[in-house]
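Breakdown of the fold
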Amino acid sequence: MQQFQFFSVKSLSDALRFLAEKGDQTKVLAGGTDLIPALREEVSCPAFVLNILEIEGLNGVREANQALRIGSITTHAQLVESDILRRTCPSLLQAAASIGGPLIRNRGTIGGNIANASPAADLASTLLSLEAEAVLMSQKGTRVVALRDFFLGPGKTALHPDELLAEIAIPLPRGKGVFLKLGRRQAMSLSVVNVAVCLEMEGRRCREAKVALGSVAPTPIRCPGAESLLVNQEMDAELIGKCAEEAMAASIPVDDHRAKAWYRLQAGAILLRRALAQAAGLGDD
Amino acid sequence: MKKRGVGVGSMFYGLGYGFSRQDIASATIEVCEDGSVIVRSGEVDFGQGSDTILCQITAEELGIPYDSIQMLTADTLTTPNAGPTSASRVTYVTGMAMLKAARAMKKNLQTVAEGILGQTDLLFGDEKVYSLSHPEKIISFKALAKAAHLGGLPMVETAWHDITTQDVDPETAQGDAYSAYAYATQLAEVEVDTETGEVQVLRIVTATDAGKAINPMNVEGQIEGGVAMGLGYALTEEIALEGGRLKTPFLGEYMIPTSLDVPPVETHIVEVPVSTGPYGAKGVGEPASIPTGPAILNAIADALGVRVTELPAKPENLLRLIREQEREEKKLPPG
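In this text the structure is predicted, and so the values were computed from the model without any measurement.

1. Observations concerning the overall build of chain A
Along the backbone of chain A there are 12 helices and 15 strands. In terms of overall size, chain A behaves like a compact globule, its C-alpha atoms giving a radius of gyration of 19 Å where 285 residues would be expected to give roughly 19 Å. Over its C-alpha atoms, taken along the principal directions, chain A stretches across nearly 55 × 45 × 30 Å. Residue burial in chain A is summarised as follows: out of 285 residues, 49% are buried. Of the contacts formed within chain A by residues at least 6 apart in sequence, a portion of 63% connects residues at least 24 apart.

2. Section: the domain arrangement of chain B
One frequently used descriptor of interface size is the decrease in accessible area upon assembly of the parts. Residue and element names in this part refer to chain B. For chain B, the assigned domains read domain 1 (2-14 + 179-331) and domain 2 (24-162). Computed over C-alpha atoms only, the centres of domain 1 and domain 2 are separated by 39 Å. Facing 16 residues of domain 1, the contacting portion of domain 2 comprises 13 residues. Considered class by class, the residues forming the side of domain 1 that touches domain 2 number eight nonpolar, six polar and two charged.

3. What about the interface of chain A and chain B?
Counting residues at the interface gives 15 residues for chain A, matched by 14 residues for chain B. Counting residues per element, the side of chain A that touches chain B draws most heavily on helix α12 (residues 261-279) of chain A, at four residues. Tallied by class, residues from the side of chain A that touches chain B come to seven nonpolar, five polar and three charged.

4. Re the nonpolar core
Judged by nonpolar contacts, the single largest core of 165 residues is most densely connected at I52 and V197 of chain A together with I296 and I300 of chain B. Per-element tally for this core: the top contributor is helix α2 (residues 90-117) of chain B, with 13 residues. Every residue in contact with V197 of chain A, bar those within four places of it in the chain, is listed here: S129, G177, V178, K210, V211, A275, L276 and A279 of chain A.

5. Things to note about the sheet that holds strand β1 (residues 5-8) of chain A
All names here are of chain A. In spatial order, the strands read β1-β3-β2; together these three strands make up an open sheet with parallel pairing. One side of each edge strand has no neighbouring strand; the edge strands of this open sheet are β1 and β2 (26-29). Averaged over neighbouring strand pairs, the angle between their axes works out to 25° when direction is ignored.

6. Overview of the domain arrangement of chain A
Residue and element names in this part refer to chain A. By domain assignment, chain A separates into domain 1 (5-51), domain 2 (59-171) and domain 3 (176-279). Each of domain 1 and domain 2 was reduced to a C-alpha centroid, and the two centroids are 18 Å apart. Every contact between the two is made by 14 residues of domain 1 and, on the other side, 18 residues of domain 2. Broken down by element, the residue count for the side of domain 1 that touches domain 2 peaks at six residues, all from helix α1 (residues 12-22). A breakdown of the residues in the side of domain 1 that touches domain 2 according to their chemical character gives seven nonpolar, four polar and three charged.

7. Comments concerning the sheet that holds strand β5 (residues 67-71) of chain A
Residue and element names in this part refer to chain A. Taken together, the five strands give an open sheet; going across it, the order is β4-β5-β10-β6-β7, and neighbouring strands pair in antiparallel fashion. Every interior strand has two partners, whereas the edge strands, β4 (61-64) and β7 (141-146), have only one. Along the sheet, successive strands turn relative to each other by an average axial angle of 25°, direction set aside. Of the strands in this sheet, β6 (133-138) and β10 (164-171) are in contact with α1, which crosses β6 at around 75°.

8. A look at helix α3 (residues 141-151) of chain B
Residue and element names in this part refer to chain B. Of the positions making up α3, those classed as buried are F141, L144, A145 and A148. Viewed along the axis of α3, the buried residues span an arc of 100°, placing them on a single side of the element. Structurally, α3 contributes buried residues whose contacts are with β2 (24-31), α2, β6 (128-131) and β7 (138-140). G152 sits one or two positions beyond α3 and adopts a positive phi of about 75°.

9. A short note on the environment of I300 of chain B
Residues and elements named next belong to chain B. With respect to the helices and strands, I300 occurs in helix α5 (residues 292-304). Sequence separation of I300 and A313 is 13 residues, and the distance between their C-alpha atoms is 9.3 Å. In this structure I300 touches G5, V190, V192, V199, V308 and A313, once residues within four positions along its chain are discounted.

10. Some words on the pairing of β6 of chain B
All names here are of chain B. Across four bridges, strand β5 (residues 122-125) lies against β6 in antiparallel orientation. Across the sheet, the residue bridging to F124 is V129, located in β6. The loop that links β5 with its antiparallel partner β6 comprises two residues; one of these, D126, has a positive phi angle of about 55°. In this structure, β6 lies alongside β7, joined through three bridges in antiparallel fashion. Counterpart to Y130 in the pairing with β7 is I138. What sits between the antiparallel neighbours β6 and β7 is a turn of six residues.

11. Brief notes about the packing of helix α5 (residues 90-97) of chain A against helix α8 (residues 122-129) of chain A
Residue and element names in this part refer to chain A. Where α5 contacts α8, the axes come no closer than 8 Å and their chain directions differ by 170°. Regarding the angle of α5 to α8, the classification is roughly antiparallel. Across from S91, L92, A95 and A96 in α5, the residues of α8 making contact are D122, L123 and T126.

12. Comments concerning the confidence of the model for chain B
In this model, chain B carries an average pLDDT of 95, and 99% of its residues clear a pLDDT of 70 or more. In the predicted complex, the global pTM is 0.93; the interface-specific ipTM is 0.91.

Reading guide: rules and limits
- Residues numbered from 1 in each chain as written.
- Chains lettered and ligands numbered in written order.
- Predicted model: local features only at pLDDT ≥ 70, side-chain atom pairs only at ≥ 80, totals over all residues.
- Helix = DSSP H or I, 4+ residues; strand = E, 2+ residues; numbered from the N terminus.
- Rg over C-alpha atoms; globule rule 2.2 N^0.38 Å.
- Buried ≥ 20, exposed ≤ 12 C-beta atoms within 10 Å, placed from the backbone.
- Contact = placed C-beta atoms within 7 Å.
- Domains from an automatic or database assignment.
- Nonpolar A, V, L, I, M, F, W, Y, C, P; charged D, E, K, R; others polar.
- Core = buried A, V, L, I, M, F, W, Y, C linked by C-beta atoms within 7 Å.
- Pairing = 2+ DSSP bridges.
- Axes fitted to C-alpha atoms, helices over the stretch in contact; angles between N-to-C directions.
- Arc of directions from axis to C-beta.
- Parallel < 35°, antiparallel > 145°, perpendicular 65-115°, else oblique.
- pLDDT = per-residue confidence, 0-100.

Structure below.
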């Protein structure tokens, strides 16, 4: 591990002042489950590490004006235990519950999971399916970036060096969300592939559809082509199958030691079919 | 679709090193003047419970409480060589050395007690030594230890146990390579997702010949742990190499089963004593993990009708086999 200077701030304004001065040489610590291994392995060698975990204002899940606002240092464990999420966004709760194990969920945060921009991040695909926005703050002001424009590549985001990911904003979903993940074991496993959908149904007719995939492209992705197949259509197994095929055609998975690309495509299509069927109320298979 | 299957795995396993490779152990027992007992052995207890077993053997022989014995183990400065903790040999070999040392000590104490009590039919129990025919002839273990020290009899005994076998015939490879064999059978029940290739192990049932379970809960623990290891070996644990380079150098990428992956394990302990082990006991450590993989793979074959020949049986390998099988079936004419 290379040497770095460690700073802790207690207020958002102190954090933004620090980033305005030293942002380009700084890594933000928002839990550390990704950052600490990266520092150890010298994948990341910042001059400064800025701990934002003591900024109370960035913590917690709030509901206001038909939207959820989740502070960036809210832990996965808090998401799992949130009554607001259980009521309004159960798919995000499912995704949070699938991350790592209890120790990691107590430590890792939603902001860290998003800003780390792993293609396999479990919260990212769900947040994409919920049309979430990233609230980015700097001394210059606040930018709100749709999450689908936030991820630029593995580890790359739209965050400027002087900006802090302060909040995730989610418009209250009108439809039913489902998250499904295939890992290599039942816990403590990154996604081989994950899918998140949100369907607004009127009887068997789909009014709105959001489909997102994780671990099948350089970033978590939305699948507009697949979504458009569903909108204003009667949902049935055949349509769901077509939609899954269309979504996987939009993905560009890689071979790695976790799984081969062909397997990610096939398993992803199956998970997507199941998630769509569940969200449409057609049963699991 | 989800398909279920049941499979059986059976094994036998040579205890210790066999094939004329040196296999020795030793243990020392000391009875102090105040009646306290110290045991020394080079055996390493890295969690499997060998200190517990050696202590139980000593307590059993001398009729004293388990917690009155001080165990000094795995210290090259103060403990005699007992050989490695491996090959499921510790209870079987070192346990026997412990039993021999304890019995030698008991003999010395018996000689002293016979002189004091005037009886030869003596029993050691409840921290006392007493005559079977005249129970009123009794002396406490503590008083006996003091008398033995005053009487000048050896109150330190060391035993050496050697199970080194003959080698097999170099021409025919025939012969008795090991001094004893352990036996175990396991059943696995699995559910395979035929669309993703995921395998969920629903239940493992084990039957293990422990010879004599000196500590039944310990034996159960060894078997449950062994099953978890065998399950990882069958389904998830993999070392990926590329051009001779390790692609998975971190334990974070080495998928041992978590508590959510291990199914309920039912253990049945079978006791067929072996004359060469303490109280008939055999080793159970490695035998616990050996049948698990075969049982799981047989269960997968039972569920799918295809046989996995590459480990681990990860979802993508299974899905490939399932697809191949589907293609084969389509080639056949209908009816």
